[in-house]
There are 2 protein chains.
Amino acid sequence: MAAKAEKSGVALRPHFKTHQSADIANWFKEEGISKATVSSVEMATYFADNGWHDITIAFPYNPLEHKSIEQLAQRIKLNVLIESEESLKHINDNINSTLGYFIKIDVGTGRTGITSSQFNVLPKLRSKNPKHELVGLLAHAGHAYKKIDRAEALKIYSQSVEILSQAKSLLGDQHLMLSYGDTPTCSLLDDFSTVNEIRPGNFVFYDAIQNFYGSCGISDIAVCMACPVVAIHKDRNEIVVYGGGVHFSKDSIKGSDSPYGLVVTLTPSGWQQEPIAKFVRLSQEHGIISGSDNFISSLKIGDLVGILPVHSCMAADLQGSYRSLSGMRLSKLNKE
Amino acid sequence: MAAKAEKSGVALRPHFKTHQSADIANWFKEEGISKATVSSVEMATYFADNGWHDITIAFPYNPLEHKSIEQLAQRIKLNVLIESEESLKHINDNINSTLGYFIKIDVGTGRTGITSSQFNVLPKLRSKNPKHELVGLLAHAGHAYKKIDRAEALKIYSQSVEILSQAKSLLGDQHLMLSYGDTPTCSLLDDFSTVNEIRPGNFVFYDAIQNFYGSCGISDIAVCMACPVVAIHKDRNEIVVYGGGVHFSKDSIKGSDSPYGLVVTLTPSGWQQEPIAKFVRLSQEHGIISGSDNFISSLKIGDLVGILPVHSCMAADLQGSYRSLSGMRLSKLNKE
């Protein structure tokens, strides 16, 4: 991803909400990356404490956190997101430190941001306070998270750029950045030269749903949960593992016959890529895996099976830390 | 629930996975409760450290945790769950301390446990090691988690008791306990005199899905998330709140027009019971609430709305702590 960004002449500002790990963030540093995206003030503070000094919080500005935002903006280059005069006024009235901000543009997802039909508000979103600088326009193509091929990804990217460029043109400022990013289109495309930065995040691990969508191969998935077998039900060709909604989240892949993740064989050095059984149900702590006679007979209680999570961001959020294949513990931000 | 159990002459061994809080557990102590159910060795250790000395881990015995189980069994009265000779043999071979165990019976849920057609295995699940005592038979009616009325609850309870009693009779031991529990049937019924203990857990908070199922009223729901409004979209009558899958889990109520929780008005002393808008979509950090013109117009960015979670056990698991209505911080077990 760093090579693609470099070739396109754009910055890579990866979304760190996927891993929430200072140790994993260091791998990005080794690739020459110095900018990060996060989704909360808490995450921004954590990464600032761990040597990241240029962070965008890609979640709408929350007035209730203005004090933490101000404190953070005093020590790093911080950008926030706004999409209304109300939020900008709150920043102007309450934050005394230097702070950058992006205007969030809705490029078709219908979640947050200003749609093109509302672009008449854009001129009002220019700050009159020189401390608060409009850095650019930011979009997240949430509607790219579906079964997608290169042609469809290109269509979504091009439409997004068109909408972002229209907003920039209306604001009449050539210095405004266009920030774009999501894992599916950033994975399927190579040329991002019509924007200024990309912000994919999930690609650091990928997961079963990205594989189902077509944005990665199974061999690209870089995170696996080792789940102990706690019950074997030969009569219904199922095993029960210690691994449920509190470990994986309750996300699922609609239309997949293994909706809660991909089941793989663990090996001393990692795991085999080929799925060997189906993760068919899960409750709070239990995971139910369905498999062939051979699969069921090969296991005993206490064995570990590998599961490539359905949604790695959600599963990682639920874990206290990671372990690398060489046995090293990798830190993670945790709730207090 | 304590009064119901007492009137039925049975023990209440509430499931603490719902709150995972030593402070909230103390409220049970004040009601004369001294036994607890948990779903992990980690939770059992946490509650043992906080003065609970009679705990059942209502999750199949995990051989990989035998050392922690043994350590815990040395200092408290601990029960585990088994459903195979393999697990019992592992306990006999690896655990030297006194340990109680229940045999898990499948009363119709099809998740874990021995079905009545497999009861010929029961005599083999009697430990020959006097340190490891078969305490009783345990069931969880997971199939009661649906739209349910008193008659249906009674049917599920009665069928469960029949299956448990059949197992007890086959084992020919009058001292074996029957342990039963789930929030829907324990909420809808009053008489549990045909078992020895009940283990509901969710009832401490209840939630939107239990309300939808019919096992509680909205006024019984005792936990609420305060979520800041971060974006207002008058054009589509929606607001965006800071409250998504990493806060609520991705659980949802199929068939509800407010599938991700109930939206209520916060007041200085708590919240109003009447839902005022619909929680219609959620992604990782964003919650999307749909409401009337009046509702949308009444809000500004930074206001807090109350959300009664769809599934309180999952939402609580995702929080670092609680705050009581009087402003007191309530502790919670957290991941490391």
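Everything below is about the structure printed above this text.
Residues numbered from 1 in each chain as written. Chains lettered and ligands numbered in written order. Predicted model: local features only at pLDDT ≥ 70, side-chain atom pairs only at ≥ 80, totals over all residues. Heavy atoms only, no water.

Enquirer: It is not clear to me how unusual backbone geometry should be interpreted in this structure. Could you clarify?
Expert: Trans peptide bonds make up the majority, and among non-glycine residues the majority have a negative phi. All names here are of chain B. Positioned with a positive phi, Tyr206 is a non-glycine residue whose angle comes to about 55 degrees. Take Tyr206: it is sitting in the loop between β8 (197-198) and α8 (208-213). One non-glycine residue, Ser249, lies in positive phi territory at about 75 degrees. Counting through the fold element by element, Ser249 comes out in the loop between α9 (245-248) and β11 (261-264). Classification of Ser249 as buried rests on a relative accessible area of 2%. (Helix = DSSP H or I, 4+ residues; strand = E, 2+ residues; numbered from the N terminus. Buried < 20%, exposed > 50% of the residue type's maximum accessible area, 1.4 Å probe, protein only.)

Enquirer: Before we go on, may I ask you to explain the sheet that holds strand β4 (residues 77-82) of chain A in this structure?
Expert: For sheets, the rule is that strands pair by backbone hydrogen bonds, running either parallel or antiparallel. Residue and element names in this part refer to chain A. An order of β1-β8-β7-β6-β5-β4-β3-β2 is seen for the 8 strands of this open sheet, with the pairing classed as parallel. Every other strand in the sheet has two partners, leaving β1 (11-12) and β2 (36-38) as the edge strands with one partner each. Note that strand β7 (residues 177-180) and strand β8 (residues 197-198) share 2 bridges and pair parallel. Bridge pairing in β8 links Tyr180 to Ile198. In the packing of helix α3 (residues 41-49) onto the sheet, the strands contacted are β2, β3 (54-60) and β4, and the crossing angle to β3 comes to about 170 degrees. Packed on one face of the sheet, helix α5 (residues 85-94) meets β4, β5 (99-104) and β6 (132-139) and runs near 145 degrees to β4. (Pairing = 2+ DSSP bridges. Contact = heavy atoms within 4.5 Å. Axes fitted to C-alpha atoms, helices over the stretch in contact; angles between N-to-C directions.)

Enquirer: Where do I start with the environment of Val230(B) in this structure?
Expert: If you trace the backbone, Val230(B) turns up in strand β9 (residues 225-233). Residue classification places Val230(B) among the buried residues on the basis of a relative accessible area of 1%. C-alpha separation for the pair Val230(B) and Asp303(B), spaced 73 residues apart in sequence, amounts to 8.3 Å. In contact with Val230(B), not counting residues within four places along its chain, are Phe59(A), Pro60(A), Tyr61(A), Asn62(A), Val240(B), Val241(B), Tyr242(B) and Ile301(B).

Enquirer: Can you walk me through the interface of chain A and chain B in this structure?
Expert: Interface size is often expressed as the accessible area that is lost when the parts come together. Between chain A and chain B, the contact holds 56 residues from the first and 56 residues from the second. Between chain A and chain B lies a buried interface of about 4500 Å² when both sides are counted; carbon and sulfur atoms form 56% of it. One can count 4 salt bridges joining chain A with chain B. Here Lys17(B) and Glu285(A) are joined by a salt bridge, their closest N and O atoms 3.8 Å apart. Counting every contact that joins chain A to chain B gives 22 residue pairs in polar contact (both at pLDDT 80 or more). Per element, the largest residue contribution to the side of chain A that touches chain B is 5 residues, and it comes from strand β9 (residues 225-233) of chain A. For the side of chain A that touches chain B, the class distribution of residues is 19 nonpolar, 19 polar and 18 charged. (Buried area = accessible area lost by both parts, 1.4 Å probe. Salt bridge = Lys/Arg side-chain N within 4 Å of Asp/Glu carboxyl O. Polar contact = N/O pair within 3.5 Å; in protein donor to acceptor, adjacent residues only side chain to side chain. Nonpolar A, V, L, I, M, F, W, Y, C, P; charged D, E, K, R; others polar.)

Enquirer: Can you walk me through the side chain of Ser21(A) in this structure?
Expert: All names here are of chain A. Residue position: Ser21 is located in the loop between β1 and α2 (22-30). Among the polar contacts made by the side chain of Ser21, one reaches the main-chain amide nitrogen of Asp23 at a distance of 3.3 Å. In this structure the side chain of Ser21 is engaged in a polar contact, spanning 3.0 Å, whose partner is the backbone nitrogen of Ile24. Sequence-distant contacts of Ser21, that is, excluding residues within four places in its chain, are made with Tyr46, Phe47, Tyr322, Leu330, Ser331 and Lys332.

Enquirer: Teacher, can you tell me more about the relation of the copies chain A and chain B here?
Expert: Both copies of the chain are related through a single rotation about an axis accompanied by a shift along the same axis. Relative to chain B, chain A is turned by 180 degrees and slid 0.0 Å along the rotation axis, the superposed coordinates differing by an RMSD of 0.0 Å. Expressed as an axis order, the relation between the two copies is that of a two-fold axis. By C-alpha distance to the rotation axis, the residue of chain A lying nearest is Lys250(A), at 2.6 Å. (Least-squares fit on C-alpha atoms with pLDDT ≥ 70 in both.)

Enquirer: Help me understand the pairing of β9(A), please; the structure alone is not making it clear to me.
Expert: Looking down a regular strand, the side chains alternate between one sheet face and the other. All names here are of chain A. Among the 9 residues that make up β9, 8 are buried, leaving the element largely enclosed by the rest of the structure. Relative to strand β16 (residues 304-309), β9 runs antiparallel, the two sharing 4 bridges. Across the sheet, the residue bridging to Ala226 is Gly306, located in β16. Judged from the 4 bridges that link them, β9 and strand β10 (residues 238-242) form a sheet pairing that is antiparallel. Bridging from a neighbouring strand, Ile232 pairs with Ile239 of β10. Here β9 folds back onto β10, and the loop between the two strands holds 4 residues, one of which, Asn237, carries a positive phi near 50 degrees.

Enquirer: It is not clear to me how the sheet that holds strand β11 (residues 261-264) of chain A should be interpreted in this structure. Could you clarify?
Expert: Residues and elements named next belong to chain A. Spatial ordering of the closed barrel is given by β9-β10-β15-β14-β11-β16, a layout of 6 strands whose pairing is antiparallel. Averaged over all adjacent pairs, the angle separating strand axes in this sheet is 40 degrees, with direction ignored. Examined bridge by bridge, strand β14 (residues 277-282) and strand β15 (residues 286-290) share 4 bridges and lie antiparallel to one another. Bridge pairing in β15 places Arg281 opposite Ile288.

Enquirer: Can you help me understand helix α4 (residues 66-75) of chain A in this one?
Expert: In an α-helix there are 3.6 residues to a turn, and that puts residues three or four apart on one side. Residues and elements named next belong to chain A. Three or more residues of α4 are buried, namely His66, Ile69, Glu70, Leu72 and Ala73. End-on view of α4: buried residues confined to an arc of 170 degrees, all on one side of the axis. Looking at α4, the residues exposed on the side facing more than 90 degrees away from the buried face are Lys67, Gln71 and Gln74. The secondary structure elements touched by the buried residues of α4 are α3, β4, α5 and β5. (Arc of directions from axis to C-beta.)

Enquirer: What am I meant to see in the environment of Thr45(B) here?
Expert: Residues and elements named next belong to chain B. Assignment of secondary structure puts Thr45 in helix α3 (residues 41-49). Between the C-alpha atoms of Thr45 and Leu72, which are 27 residues apart in sequence, the distance is 6.7 Å. Of the polar contacts made by the side chain of Thr45, one reaches the backbone oxygen of Val41; its length is 2.8 Å.

Enquirer: How do you make sense of the pattern of salt bridges when you look at a structure like this?
Expert: When the charged atoms of two side chains lie near each other, side chains of opposite charge can form a pair. All names here are of chain A. Within the structure shown, the criterion is met by 28 salt bridges over all chains. The salt bridge involving Asp173 is made with Arg126; its shortest N-O contact spans 3.3 Å. With Asp173 in the loop between α6 (150-171) and β7 and Arg126 in the loop between β5 and β6, this pair connects stretches of sequence that are 47 residues apart. When its relative accessible area of 30% is taken as the criterion, Arg126 is described as partly exposed. Through salt bridges with shared partners, a single network forms among Lys4, Arg150 and Asp190.

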